[in-house]
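# Geometric and topological summary
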Amino acid sequence: MRIYLKFDFNLICKAVLQEQLDALGMKYTIHGVGEIEFDRRPTLEEEQEMASLLGNYGIEIMDDQQMALVQRIKDSVTEWINDAENPKIYNFSTYLAEKLDYSYTYLSSVFSEATYSSIENFVILKKIDIAKSLILQNHLTLTEIAFKLNYSSVSHLSAQFKKTTGLTPSSFQKIILKRKERALNQK
C-alpha cells in the first residue's frame, strides 16, 4: 500500500526550530524564511549547542549574510512553486521582492554574484525537478503538470524540459518506465 503526503515545509521547519530553541531556554523571534532574531547574543556554548540540535534536522546556521539571503531566495522559490493553493496572480519578481523586502534588482544581483546563475534559471531548474517528480508519480497528465507549475501551455513545459534535461517529458517517462520494468524482471 502506498499513501501520498503533502508537506508544508515552512510549518515543519518552524515547529522544529521552536521545539529546539525552546529547549535552549532563549528568547527569540522567527522572521520569515530562515531568519531568527535573539533578544541577546548567544554565548559560544549556546551557539554550539544550537548548531548541534538543529544539525540533527539538517538545519545549518549560516555566518555569511549574503549566502543566507541566497538561501532565503531559494526557499522562497520553492515555496512559491509548491504553493498550488495560491493562484499566481502576479509575477515571481514581485512576489520575491515583497516577501523578502528587498528590490528584485538587488536580490537578483546578490543571487547571481553568489551562484553564478540567475534567479530565473533557478526557478526553471526547480520547476523541471518538480515536473520530473510529478511525471514519476504517474498520476497527473502533462497538461495538469503544466497547469500546476504555472506554465502557459504543455508545449512551453515540454520546451523547457527538453532544454534542461535533453529529453522530452514523454521520452523521460518512457525511460523511467523501462527502468522500472527491468528492475522488476531482475527480481
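Heads up: the structure comes first, above all this text.
Calculation criteria
- Residues numbered from 1 in each chain as written.
- Predicted model: local features only at pLDDT ≥ 70, side-chain atom pairs only at ≥ 80, totals over all residues.
- Heavy atoms only, no water.
- Helix = DSSP H or I, 4+ residues; strand = E, 2+ residues; numbered from the N terminus.
- Expected span 1.5 Å × (residues − 1).
- Buried < 20%, exposed > 50% of the residue type's maximum accessible area, 1.4 Å probe, protein only.
- Arc of directions from axis to C-beta.
- Contact = heavy atoms within 4.5 Å.
- Salt bridge = Lys/Arg side-chain N within 4 Å of Asp/Glu carboxyl O.
- Core = buried A, V, L, I, M, F, W, Y, C linked by side-chain atoms within 4.5 Å.
- Patch = residues over 30% accessible without salt bridge, like charges linked within 9 Å, V, L, I, M, F, W, Y side chains within 5 Å.
- Areas by Shrake-Rupley, 256 points an atom, 1.4 Å probe, with all protein chains shown as cover.

## Looking at helix α5 (residues 104-115)
Residues spaced three or four apart along an α-helix point in a common direction, a consequence of the helix completing one turn every 3.6 residues. Under the 1.5 Å per step criterion, the end-to-end length of α5 is 16 Å for 12 residues, consistent within 8% with the ideal 16 Å. All of the buried residues along α5 are Tyr104, Leu107, Ser108, Val110 and Phe111. Around the axis of α5, the buried residues are gathered within 165° of arc, so they sit on the same side. Every exposed residue of α5 that faces more than 90 degrees away from the buried side is listed here: Thr105 and Glu113. The secondary structure elements touched by the buried residues of α5 are α3 (65-82), α4 (92-100) and α6 (119-137).

## What to know about the pattern of salt bridges
Overall, the coordinates contain four salt bridges when judged by the stated rule. Here Glu79 makes a salt bridge to Lys99, at a shortest N to O gap of 3.2 Å. Of the two residues, Glu79 sits in helix α3 while Lys99 sits in helix α4, which places them 20 residues apart along the sequence. The salt bridge partner of Asp129 is Lys132, with a shortest N-O separation of 3.8 Å. You can see Asp129 and its partner Lys132 sitting in helix α6, three residues apart, about one turn around the helix. Take Asp129: its relative accessible area is 42%, and that puts it in the partly exposed class.

## A few points about the nonpolar core
Nonpolar side chains tend to gather and get buried jointly when the protein is soluble and globular. Counting 31 residues, the largest nonpolar core has Ile73, Phe92, Leu96 and Ile119 as the members making the most contacts within it. Looking at this core, the elements that each hand over two or more residues are α3, α4, α5, α6, α7 (142-148), α8 (154-165) and α9 (169-185). Of the residues forming this core, the biggest block, eight residues, is contributed by α6. Those residues in contact with Ile73 that sit more than four places away from it in its chain are Leu96, Leu100, Leu107, Phe111 and Ile119. Counting seven residues, the second-largest nonpolar core is a separate cluster that includes Leu21, Tyr28, Met50 and Leu54.

## A word on a nonpolar patch on the surface
Where nonpolar side chains cluster on the molecular surface, the patch consists of Met1, Ile3, Leu5, Phe7, Phe9 and Ile12 and spans about 770 Å² of accessible area. Inspection of the secondary structure puts Phe7 in the segment before α1 (9-24). In this structure Phe7 comes out as partly exposed when scored by relative accessible area, which is 49%.

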